[in-house]
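One-letter residues, chain by chain:
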Amino acid sequence: MTELESFAVELSQEAALTALPFFRGDFTQENKAGPGAFDPVTEADRAAEAAIRRLIAERYPHHGVIGEEYGEDRPDAEHVWILDPIDGTRAFIAGLPLWTTLIALRREGRPTIGAVGQPYLGEVFLGGPSGARMLRNGTETPLKTRACPGLSDALIATTDADIFVGADREAWTRLRAATRLARFGCDAYAYAMVAAGRIDLVAESELKVWDWSALWPLVEAAGGRVTDWNGRSPDGDGRILAVGDPALTDQALAVLKGA
């Protein structure tokens with residue numbers, strides 16, 4: 001591992017130590033959304049991000065930070081850490097071990113390191129310049145996406161089909177019909193399973209920069225590809241397509257066309 005990859009793992013472990021005691025326990029929560037909607041945040045989210053930010057400030061005070069809970073600090077720096085302390089807060093509230101901590105390092109405008117941690121399972125999925133691996137119980141397992149050249153054979157995932165609206169909903173419906181099996185409710189853990197060769201494709205919309213930045217280097221370091229729904233590099237569009245076998249990209253984009 002490079003120095004910064006090791007630090008990403010350290011940050012993930014620090015977030016785990018902070019958030020895990022809250023899981024399946026008593027904690028406060030708030031609804032960040034307006035009337036008629038639900039976008040929860042818990043004290044675990046805020047405590048975990050605060051812990052990550054403290055470590056970054058101590059070790060690399062010249063680095064920037066963008067976090068879901070506490071906003072931006074030097075976002076134009078050469079190195080910027082992008083944080084989602086608990087991705088899948090709904091799963092966290094429900095006691096389901098599918099929430100993750102997402103930590104990415106962006107350099108010169110592009111994420112180059114991504115760490116996806118699942119504290120309850122003791123897993124950290126890491127992708128970066130030295131490759132892709134899963135760390136658990138002191139061991140490292142190399143990660144590699146699996147071959148799936150045909151969309152009709154693909155196992156796909158999205159967090160919640162009801163999130164798609166309008167043309168995006170129609171596009172997802174077409175994509176689901178073109179594939180073998182779909183799974184729901186996995187949040188960012190689905191992308192870790194793409195990197196591990198268990199899921200072939202994830203398609204989502206309405207994502208923020210902290211939702212997808214860690215996933216991009218992880219999936220690509222394992223041999224996959226990540227784009228927006230137009231085949232371009234992810235940006236502020238919020239629509240993400242991640243495939244394990246790059247051969248699926250053009251097939252999936254053709255189905256999504258028009259969204």
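What comes next is a walk through the structure. Along each chain, residues carry numbers from 1 onward, in the same order as the chain's sequence is written. Residues qualify for local features only when their pLDDT is at least 70, as the model is predicted, and side-chain atom pairs are given and counted only at 80 or more; totals for whole chains, interfaces and linings, by contrast, use all residues. Side-chain calculation: all heavy atoms of the structure are included, whereas hydrogens and water are not.

This part takes up the pairing of strand β7 (residues 110–118). Counting buried positions over the nine residues of β7 gives seven, a clear majority of the element. When DSSP finds at least two bridges between two strands, those strands are taken to pair. Helix numbers and strand numbers start at the N terminus; a helix is a DSSP run of H or I with at least 4 residues, a strand a run of E with at least 2. Across seven bridges, the pairing between strand β6 (residues 100–107) and β7 is antiparallel. From the neighbouring strand, Ala104 faces β7, where its bridge partner is Gly114. What sits between the antiparallel neighbours β6 and β7 is a turn of two residues, in which Glu108 has the positive phi angle 50°. Pairing of β7 with strand β8 (residues 123–128), which is carried by five bridges, proceeds in the antiparallel orientation. Paired with Gly117 across the bridge in β8 is Val124. A loop of four residues connects β7 with β8, the two strands running antiparallel in sequence, and Gly122 in this loop sits at a positive phi of about 70°. Here's how the labels work: a residue is buried when its accessible area is under 20% of the maximum for its type, exposed when over 50%, partly exposed in between, all with a 1.4 Å probe on protein chains only.

Here the aromatic set is Phe, Tyr and Trp, taking the six-membered ring for Trp, and pairing holds for ring centres within 6.5 Å; pairs whose planes are under 30 degrees apart are stacked, those over 60 apart are edge-to-face, and all others are tilted. Under the defined criterion, the tally for this structure stands at 12 aromatic pairs. With centroids separated by 5.4 Å and ring planes inclined at 45°, the aromatic side chains of Phe23 and Phe92 adopt a geometry described as tilted. In this pair, Phe23 sits in the loop between α1 (3–19) and β1 (29–31) while Phe92 sits in helix α3 (residues 89–94), placing the two residues 69 residues apart along the sequence. Residue classification places Phe23 among the buried positions, given a relative accessible area of 7%. Since its relative accessible area comes to 1%, Phe92 is described here as buried. Their ring planes at 80° and their centres at 4.9 Å tell us that Phe92 and Trp99 sit as a pair that is edge-to-face. Using a relative accessible area of 0% as the deciding quantity, one classes Trp99 as buried. Joined through ring pairs, the aromatic side chains of Phe23, Phe27, Phe92, Trp99 and Tyr120 make up one cluster. Criterion for a charge above a ring: Arg CZ or Lys NZ at most 6 Å from the ring centre, at most 35 degrees from the ring normal. The ring of Tyr120 carries Arg24 above its face, with NZ or CZ at 4.7 Å from the centroid.

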